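Reading the structure
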Amino acid sequence: MKKYLTVITALVLVAVLVACTAVKSDNIIPDTTAKKETTTVTTTEDIQALINLGKGKEEGIFSSSIKELPEEYYEPAENTNPVERLNYVYKDIQKGCIIYVPPGYDETKEYNIYYLLGGALADETAFFGDAGEESVLKNVFDHMILSGEIEPFLAVNVNFFYHKNHHLDIDDGAIVNTIKQFNSELREAIIPAVEADYATYAKGPREIDFISSRKHRAFAGFSLGASCSFLALANNLDYFYYYAPLCGADFAKYYPDYITENTIDGLRKELVELDYTTDDFFVYATEGENDNTFEDMNPMMEDFITNYPDLRSVLKVFRSVVLHVHRLL
């Protein structure tokens, strides 16, 4: 079952990979090791022009149908790169993430990048293992890139937790602080650290660089990772264009005693604050009717469709998923 879920996650991400206003602050990210030069922004017009690069609807996405993977895709491919570990510090806490590096990686080029998060018992090794290890998902990505089905991309498995005992981060209301920390960590530590060392569409280490390159960045996850995908949608919309939650639900659904604002309310606030519309993001949400999270996520998607007509253009995605995703599992 674990292998199958991993492959389904790969399919969700492949669907994203086929696709291809107010600034919250304009501070320099304090990263003295950054390899990229800082973008020069001197006027309001310069800033607005960069913001506009990350706005607008992407056409032609999800043009390929979901299909069964060839058996050989599960096995290691030749001429590939090992996954790598990147360690960093956030608020005096030592943390790390695992980086998938595509075959033929060239640091002089620009790559789309996908941040992935596992479930409540998972850490940064959930999808790819640790540095130098092999995994089914790595094999699938390698084969699809080498066969020319998708263009090369980077992927980053991140860690939501701050303690080895994950219950310390989620039980008895601790989840509220953990959510706030992870939301900030993603923005202030993870993305700047990763994209300083790897070749992405971000031109430098400033927030404006990540905002202008958001159409080349996605957040996806399984179970708790899916909940964090919704969290990123409602809190870091200016950094990500694509979202792929798999088999999860709104944190407010899981922790109603501690979290009162749901994803859709947070999303509305972000749209107003950032001067975005429903053309400025895309959600590919998946769930299987035989999965034990179906009763959590399916009502959430149906609620979006039924009760939020002002977001109708994006909710076509959810309607399609509700009607058809049971065929996947």
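Only a predicted model underlies this, so the values are computations on that prediction, with no experimental measurement involved.

1. Section: the overall build of the protein
Regarding its fold elements, the protein presents eleven helices and seven strands. Accessible surface, the protein as shown: approximately 14,700 Å² in total, 49% of it carbon and sulfur.

2. Focus: a negative patch on the surface
A cluster of acidic residues, Glu-68, Glu-71, Glu-72 and Glu-75, forms a negative patch on the protein surface. Within the secondary structure, Glu-68 is located in the loop between helix 2 (44–53) and strand 1 (84–90).

3. Observations regarding the packing of aromatic side chains
Tallying each qualifying case throughout the model produces 18 aromatic pairs. Between the aromatic rings of Phe-240 and Tyr-243, the centroid separation amounts to 6.3 Å while the plane-to-plane angle is 55 degrees, which identifies the pairing as tilted. The buried category is assigned to Phe-240, whose relative accessible area is 0%. Looking at Tyr-243, the relative accessible area reads 1%, which means it is buried.

4. Overview of helix 5 (residues 174–197)
Taking 1.5 Å of rise per residue, 24 residues should cover 34 Å, and helix 5 covers 32 Å from first to last C-alpha, within 8% of that figure. A bend of about 45 degrees at Glu-185 is the largest found in helix 5.

5. Section: helix 7 (residues 224–235)
Over its twelve residues, helix 7 runs 16 Å from end to end, which matches the ideal 16 Å to within 8%, given 1.5 Å per residue. Counting buried positions along helix 7 gives eleven out of twelve residues, so the element sits mostly inside the fold. For helix 7, every residue scored as buried is listed here: Leu-224, Gly-225, Ala-226, Ser-227, Cys-228, Ser-229, Phe-230, Leu-231, Ala-232, Leu-233 and Ala-234.

6. Here we look at the sheet that holds strand 3 (residues 112–117)
Reading across the sheet, the seven strands line up as 1-2-4-3-5-6-7 and stay open at both edges, with mixed pairing between neighbours. If you trace the sheet from one side to the other, it starts and ends with strand 1 and strand 7 (282–283), each paired once. Note that strand 2 (residues 93–100) and strand 4 (residues 153–158) share three bridges and pair antiparallel. Each bridged residue has a counterpart across the sheet, and for Tyr-100 the counterpart in strand 4 is Ala-155.

7. Re the nonpolar core
Residues Tyr-115, Phe-160, Phe-182, Val-194, Phe-219 and Phe-251 are the most contacted members of the largest nonpolar core, which totals 62 residues. Considering every element that reaches this core, the biggest residue donor is helix 5, with nine residues. Other than its neighbours up to four places away in sequence, Phe-182 contacts Leu-117, Val-158, Asn-159, Phe-160, Tyr-162, Ile-190, Phe-219, Cys-228 and Leu-231. One finds Val-83, Ala-155, Ala-220 and Tyr-241 within the second-largest nonpolar core, a separate group that totals 25 residues.

8. Topic: the pattern of salt bridges
Counted under the stated rule, the structure contains twelve salt bridges. With its nearest N and O atoms 2.3 Å apart, the salt bridge here joins Glu-110 to Lys-203. Within this pair, whereas Glu-110 is found in the loop between strand 2 and strand 3, its partner Lys-203 is found in the loop between helix 5 and helix 6 (207–212), the two being separated by 93 residues in sequence. A salt bridge links Glu-195 to Arg-217; its shortest N-O distance comes to 2.9 Å. With Glu-195 in helix 5 and Arg-217 in strand 5 (residues 217–222), this residue pair connects regions lying 22 residues apart in the sequence. You'll find Glu-195 and Arg-217 in the same group, each marked buried.

9. Details of the confidence of the model for the protein
Confidence along the protein averages 82 in pLDDT terms, with 78% of residues attaining 70 or more. Here residues 1–34 scores under 50 on pLDDT; set against residues more than four positions off or in separate chains, the count is 87 contacts.

10. Structural notes on the environment of Ile-179
Here Ile-179 lies in helix 5. If we ignore the near neighbours within four places in the chain, the residues touching Ile-179 are Phe-160, Leu-231, Phe-251 and Ile-259.

11. Considering unusual backbone geometry
Its identity is not glycine, yet Asn-79 carries a phi of approximately 60 degrees, on the positive side. Among the secondary structure elements, Asn-79 is positioned in the loop between helix 2 and strand 1. At Cys-247, a position not held by glycine, the phi torsion is positive, near 60 degrees. With respect to the element layout, Cys-247 can be found in the loop between strand 6 (242–246) and helix 8 (251–254).

12. Examining the side chain of Asn-112
Looking at the element boundaries, Asn-112 is found in strand 3. The buried category is assigned to Asn-112, whose relative accessible area is 1%.

13. Examining the packing of helix 7 against helix 9 (residues 263–274)
Packing of helix 7 against helix 9 leaves a shortest axis separation of 7 Å and a crossing angle of 30 degrees. What the angle tells us is that helix 7 and helix 9 run roughly parallel. Here Phe-230, Leu-233, Ala-234 and Asn-235 of helix 7 lie close against helix 9, whose contacting residues are Thr-263, Gly-266, Leu-267 and Glu-270. Its residues placed into classes, the contact of helix 7 with helix 9 shows four nonpolar, three polar and one charged.

14. Section: the pairing of strand 4
Counting buried positions along strand 4 yields six of six residues, so the element is predominantly enclosed. Relative to strand 4, strand 3 runs parallel, the two being bridged by six bridges. Within strand 4, the residue paired with Tyr-114 across the bridge is Ala-155. Once you follow strand 3 into helix 3 (residues 136–146) and on to strand 4, the crossover reads as right-handed.

Rules used in this analysis
Residues numbered from 1 in each chain as written. Predicted model: local features only at pLDDT ≥ 70, side-chain atom pairs only at ≥ 80, totals over all residues. Heavy atoms only, no water. Helix = DSSP H or I, 4+ residues; strand = E, 2+ residues; numbered from the N terminus. Areas by Shrake-Rupley, 256 points an atom, 1.4 Å probe, with all protein chains shown as cover. Patch = residues over 30% accessible without salt bridge, like charges linked within 9 Å, V, L, I, M, F, W, Y side chains within 5 Å. Salt bridge = Lys/Arg side-chain N within 4 Å of Asp/Glu carboxyl O. Lys, Arg positive; Asp, Glu negative; His and termini not counted. Charge placed at Lys NZ, Arg CZ, Asp CG, Glu CD. Phe/Tyr/Trp six-rings, centres within 6.5 Å; stacked < 30°, edge-to-face > 60°. Buried < 20%, exposed > 50% of the residue type's maximum accessible area, 1.4 Å probe, protein only. Expected span 1.5 Å × (residues − 1). Bend = angle between axes of the 7 residues up to and from the residue. Pairing = 2+ DSSP bridges. Core = buried A, V, L, I, M, F, W, Y, C linked by side-chain atoms within 4.5 Å. Contact = heavy atoms within 4.5 Å. pLDDT = per-residue confidence, 0-100. Axes fitted to C-alpha atoms, helices over the stretch in contact; angles between N-to-C directions. Parallel < 35°, antiparallel > 145°, perpendicular 65-115°, else oblique. Nonpolar A, V, L, I, M, F, W, Y, C, P; charged D, E, K, R; others polar. Right-handed = clockwise from strand over helix to strand, strands pointing away.

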